[in-house]
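# Descriptive structure summary
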Amino acid sequence: MYSANHWGGSFEIATDGAASEDDDSRNTDLDPGALQSSAARLHRHELDETQLGWLLGPPAAKKKNRHVDLGCVVVKRKVLVWAFWALVAGFVVVGVPVIVSRSIPRKIPRPPPPDQYAEALHKALLFFNAQKSGRLPRSNGIRWRGNSGLKDGSDAKDVKGGLVGGYYDAGDNIKFHFPMAFSMTLLSWSVIEYSAKYKAVGEYDHVRELIKWGTDYLLRTFNSSASTIDHVYAQVGAATIKSKTPDDHYCWNRPEDMAYPRPSLSVSTAPDLGAEIAAALAAASIAFRDDAAYSKKLAHGAATVYEFATRGSSSNNNNNQATYSRHRPEIEPFYNSTSYWDEHVWGAAWLYYATGNSSYISAATGPALAKNAMAFDNGILDLSVFSWDNKLPGAGMLLSRLRMFLNPGYPYEASLSGYHRAAELDMCKCLRRFAAFNFTRGGLALFNHGRGQPLQYVVANSFLAALYADYLDAVNVPGWNCGPNFIATDDLRAFAKSQLDYILGDNPRKMSYVVGYGQRYPRHVHHRGASTPRNGVRYSCTGGYTWRDSKKADPNVITGAMVGGPDRRDRFNDSRMAFGQTEPTLVGNAGLVAALVAVTSSGRAAGIGVVDRNSMFSAVPPLFPATPPPPPAWKP
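Residues numbered from 1 in each chain as written. Predicted model: local features only at pLDDT ≥ 70, side-chain atom pairs only at ≥ 80, totals over all residues. Heavy atoms only, no water.

## Brief notes about the overall build of the protein chain
Formally: Secondary structure elements follow DSSP: runs of H or I no shorter than four residues count as helices, runs of E no shorter than two count as strands, and numbering proceeds from the N terminus. Summary of the burial criterion: residues with accessible area below 20% of their type's maximum are buried, those above 50% are exposed, and those between are partly exposed, where the area comes from a 1.4 Å probe applied to protein chains only. Contact between two residues is taken to exist if any of their heavy atoms lie within 4.5 Å; hydrogens are not considered. All accessible areas in this document rest on Shrake-Rupley with a 1.4 Å probe, and a residue is counted as covered only by the protein chains that are shown.
Each helix and strand counted, the protein chain has 20 helices and seven strands in total. Expressed as a percentage of the 636 residues in the protein chain, the buried residues total 51%. Long-range pairs, those at least 24 residues apart, make up 73% of the contacts in the protein chain with a sequence separation of at least 6. When the accessible area of the protein chain is evaluated, it comes to approximately 31900 Å², of which 56% is carbon and sulfur surface.

Here is the structure:
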């Protein structure tokens with residue numbers, strides 16, 4: 001029986017029975033999941049999303065990338081962190097080793113050693129210290145020299161303080177002002193051109209002190225504060241040939257022991273001496289341009305003495321004045337001037353550079369003056385030799401410098417080109433291949449034709465050769481023509497170096513002619529101070545003959561003195577009596593110093609150029625008018 005169902009429908013519980021099995025068998029082929037029994041499906045309870053939320057809690061939030069705003073760009077923080085650590089790593093790997101290596105103390109590398117020319121230069125300058133007269137400073141550095149000639153010029157009543165100071169000329173104790181002035185001109189010229197080299201080898205202050213010692217004295221040889229003078233002193237001390245009375249040649253005394261008369265020789269006609277003193281003072285005024293007061297004093301003195309030298313001269317009459325040495329027995333046998341027109345060109349050129357006054361360049365380039373000086377007469381060989389007596393090659397070089405560097409043009413061009421051609425021809429004659437001069441077998445140029453004192457001519461002309469090569473380099477010209485032959489600048493330098501090498505020991509005798517340089521050099525120099533010991537004994541006029549005639553080596557080594565030199569067959573007699581070979585001179589050492597500084601390469605590695613282009617022209621005004629300023633702007 002069946003219970004009643006008040007809500008409708010049957011109370012019978014259906015179990016699906018056979019029908020369900022049939023349905024499963026039918027669906028088996030369609031879906032394996034259908035194999036699940038109906039009971040299993042009834043007992044499986046699937047949770048909806050809400051229920052899952054109750055059990056599992058809220059879903060995990062996704063991580064967001066953090067960014068950093070750098071102002072101009074926004075970057076991820078992670079990228080910024082990685083970049084920072086990369087920099088730290090780079091600093092550790094690279095920076096730390098660099099800092100450590102730089103913090104380790106290192107030995108400062110020494111400059112390259114000086115070449116042989118710089119070494120010889122140091123010694124050659126010391127000769128001037130040994131030749132000083134007057135009250136010597138403690139820094140003079142020659143221990144066997146002392147004060148001397150303190151009464152010089154006591155007979156020159158118009159000279160305040162006398163004629164104390166200056167330099168002794170050679171192995172005797174005379175102060176010849178003509179070669180002394182030329183020596184100061186050469187030294188000043190070398191300083192103007194090669195001041196950087198002097199500084200590089202540590203001799204700049206020394207050489208300027210030597211120049212000033214000479215120019216201070218030359219300023220006392222006339223009234224340098226005046227504008228007009230009527231005389232100049234030519235020398236202090238005197239000697240005559242084969243004298244038998246006490247004088248500077250008859251006596252053999254150290255300068256410190258002189259007890260014989262030393263007259264001061266005044267001359268009222270000195271067209272050559274006056275012009276040479278003017279050249280020395282003018283050149284020094286350029287070398288001392290950094291000392292305005294002293295430079296001005298030198299330039300004023302130069303103008304005064306040049307006016308005196310040229311006052312009685314006329315360019316149209318070359319016999320108008322007598323040379324300073326004519327009929328002077330105390331001068332003529334020793335420093336006889338054969339002409340004065342070359343000194344007039346030389347002095348005028350230096351005064352133009354020192355003052356910028358165009359009247360001097362007009363005088364130097366005047367056709368009449370060049371004619372009287374025979375500046376363009378190439379047929380006279382000796383006029384091509386630069387020396388204390390012939391300034392034409394030096395004057396030609398100075399004026400060629402003006403043409404090569406500034407090229408002033410009209411109205412000077414015709415004369416300047418003539419001097420330039422003469423200078424080029426002088427350089428051609430130096431070279432052995434053209435056979436203008438003879439050479440010894442050992443390679444020494446015989447500019448004085450084999451007579452005594454050959455080396456002083458060699459060094460003066462070697463200086464000009466090296467200087468002209470540097471001028472050509474300065475204007476980027478590789479050489480010049482000697483007739484149909486092109487000559488490179490290196491050929492000129494090779495000539496200059498070959499002559500200096502000969503003097504320093506590359507000769508058949510394998511000896512140096514500069515005292516104190518090398519292992520073998522003259523030991524019996526014709527020099528009173530070097531040959532007489534400083535032993536507290538005051539030797540008399542003739543008492544010094546013991547040391548003059550001694551076969552022993554000099555007790556005092558006169559370091560840096562370049563002796564007269566060998567004969568035409570490369571032979572050399574190391575004897576005090578052979579004065580033509582063993583006597584040093586102021587002029588010889590001045591040329592040696594100038595040539596050595598010109599050829600030395602010491603200092604060039606530091607960027608030093610060949611010559612100083614501008615110092616020579618520091619007082620020369622602009623050659624062409626300056627561009628006028630633009631007109632003021634128009635305003636309504």
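## What to know about the nonpolar core
Filter applied, for reference: Nonpolar cores were defined as sets of buried Ala, Val, Leu, Ile, Met, Phe, Trp, Tyr and Cys residues, with membership established by side-chain atoms within 4.5 Å.
In this structure, Trp189, Trp350 and Phe463 are the most contacted members of the largest nonpolar core, which totals 168 residues. Tallying contributions element by element places helix H15 (residues 454–474) first for this core, with 15 residues. Other than its neighbours up to four places away in sequence, phenylalanine 463 contacts Leu186, Trp189, Tyr194, Ala594, Ala595 and Ala598. If you look at the next biggest cluster of nonpolar residues, it comprises five residues, including Tyr168, Cys251, Met258 and Cys541.

## Structural notes on the side chain of aspartate 172
We apply this condition: Under this rule, positive means Lys or Arg and negative means Asp or Glu; His and the chain ends count for nothing. Definition used for salt bridges: Asp or Glu carboxyl oxygen within 4 Å of a side-chain nitrogen of Lys or Arg. Polar contact criterion, stated in full: a pair of N or O atoms within 3.5 Å, where within protein one must be able to donate a hydrogen and the other to accept it, and residues adjacent in sequence count only if both atoms are side-chain atoms.
Here aspartate 172 lies in the loop between helix H5 (116–130) and strand E3 (175–176). Buried charged residue aspartate 172 carries no salt bridge. Nearest counter-charge: arginine 528, at 5.5 Å. At a separation of 3.5 Å, a polar atom in the side chain of aspartate 172 contacts the main-chain amide nitrogen of isoleucine 174. Apart from the residues within four sequence positions on either side, aspartate 172 is in contact with Asp248, His249, Arg528 and Glu583.

## Let's talk about the state of the cysteines
We apply this condition: Sulfur atoms of two cysteines make up a disulfide when they are within 2.5 Å.
This model, assessed by the stated rule, comprises two disulfides. Here cysteine 251 is linked by a disulfide to cysteine 541, with a sulfur-sulfur distance of 1.9 Å. Disulfide cysteine 251-cysteine 541: the torsion about the S-S bond is -95°, which places it as left-handed. On the criterion of sequence distance, the pair formed by cysteine 251 in the loop between strand E4 (232–236) and strand E5 (264–267) and cysteine 541 in the loop between helix H17 (528–531) and helix H18 (545–548) is long-range, its members being 290 residues apart.

## Examining H15
Our working definition: Here, expected helix span is obtained from the residue count minus one, scaled by 1.5 Å.
Helix length check: H15, at 21 residues, gives a terminal C-alpha distance of 31 Å against a target of 30 Å (1.5 Å per residue), a fit within 8%. By the criterion of burial, H15 is predominantly enclosed, with 20 of the 21 residues buried. Looking one or two residues past H15, asparagine 476 carries a phi angle of roughly 60°, positive in sign.

## Looking at the packing of helix H8 (residues 271–287) against helix H9 (residues 292–310)
Our working definition: Lines fitted to the C-alpha atoms define the axes, with helices restricted to the stretch that makes contact. Angles between their N-to-C directions range from 0 to 180 degrees. Roughly parallel means an angle under 35 degrees; roughly antiparallel means over 145; roughly perpendicular covers 65 to 115; every other angle is labelled oblique. Left-handed describes a crossing whose near helix is turned anticlockwise from the far helix by less than a right angle; the clockwise case is right-handed. Put simply, Ala, Val, Leu, Ile, Met, Phe, Trp, Tyr, Cys and Pro go in the nonpolar bin, Asp, Glu, Lys and Arg in the charged bin, and everything else, Gly too, in the polar bin.
Contact geometry of H8 with H9 gives a least axis separation of 8 Å together with a crossing angle of 160°. Our classification of the angle between H8 and H9 gives roughly antiparallel. Judged by the sense of rotation from one axis to the other, the crossing of H8 with H9 is left-handed. Seen from H8, the contacting residues are Pro271, Gly274, Ala275, Ile277, Ala278, Leu281, Ala282, Ala284 and Ser285; seen from H9, they are Ser295, Leu298, Ala299, Gly301, Ala302, Val305, Tyr306 and Ala309. Of the residues belonging to the contact of H8 with H9, the class tally is 13 nonpolar, four polar and no charged.

## A few points about the pattern of salt bridges
Under the counting rule described, the total for this entry stands at 23 salt bridges. For the salt bridge of glutamate 193 with arginine 401, the shortest nitrogen-to-oxygen distance reads 2.8 Å. Of this pair, glutamate 193 sits in helix H6 (residues 177–200) while arginine 401 sits in helix H13 (residues 392–405); the two residues are 208 residues apart in sequence, bridging distant segments of the chain. With a closest N to O distance of 3.9 Å, aspartate 506 and lysine 510 form a salt bridge. Taking relative accessible area as the criterion, lysine 510 reaches 55% and is therefore assigned exposed. It is possible to trace a salt-bridge network through shared partners that takes in Arg145, Arg254, Glu256, Asp257 and Arg538.

## With respect to the confidence of the model for the protein chain
Rules: Residue-level confidence of the predictor is what pLDDT reports, using numbers from 0 through 100.
For the protein chain, per-residue confidence averages 88 on the pLDDT scale, and residues scoring 70 or more make up 84% of the total. Ignoring residues within four places in sequence, the model shows residues 1–43, a span with pLDDT below 50, making twelve contacts including any to other chains.

## Let's talk about the sheet that holds E5
The following threshold applies: A pair of strands is considered paired only if DSSP assigns at least 2 bridges between the two.
Pairing within the open sheet is antiparallel, and its three strands lie in the order E3-E4-E5. The sheet is open, and its two borders are formed by E3 and E5, each paired with just one other strand. Judged from the four bridges that link them, E4 and E5 form a sheet pairing that is antiparallel. Bridging from a neighbouring strand, glutamine 235 pairs with leucine 265 of E5.

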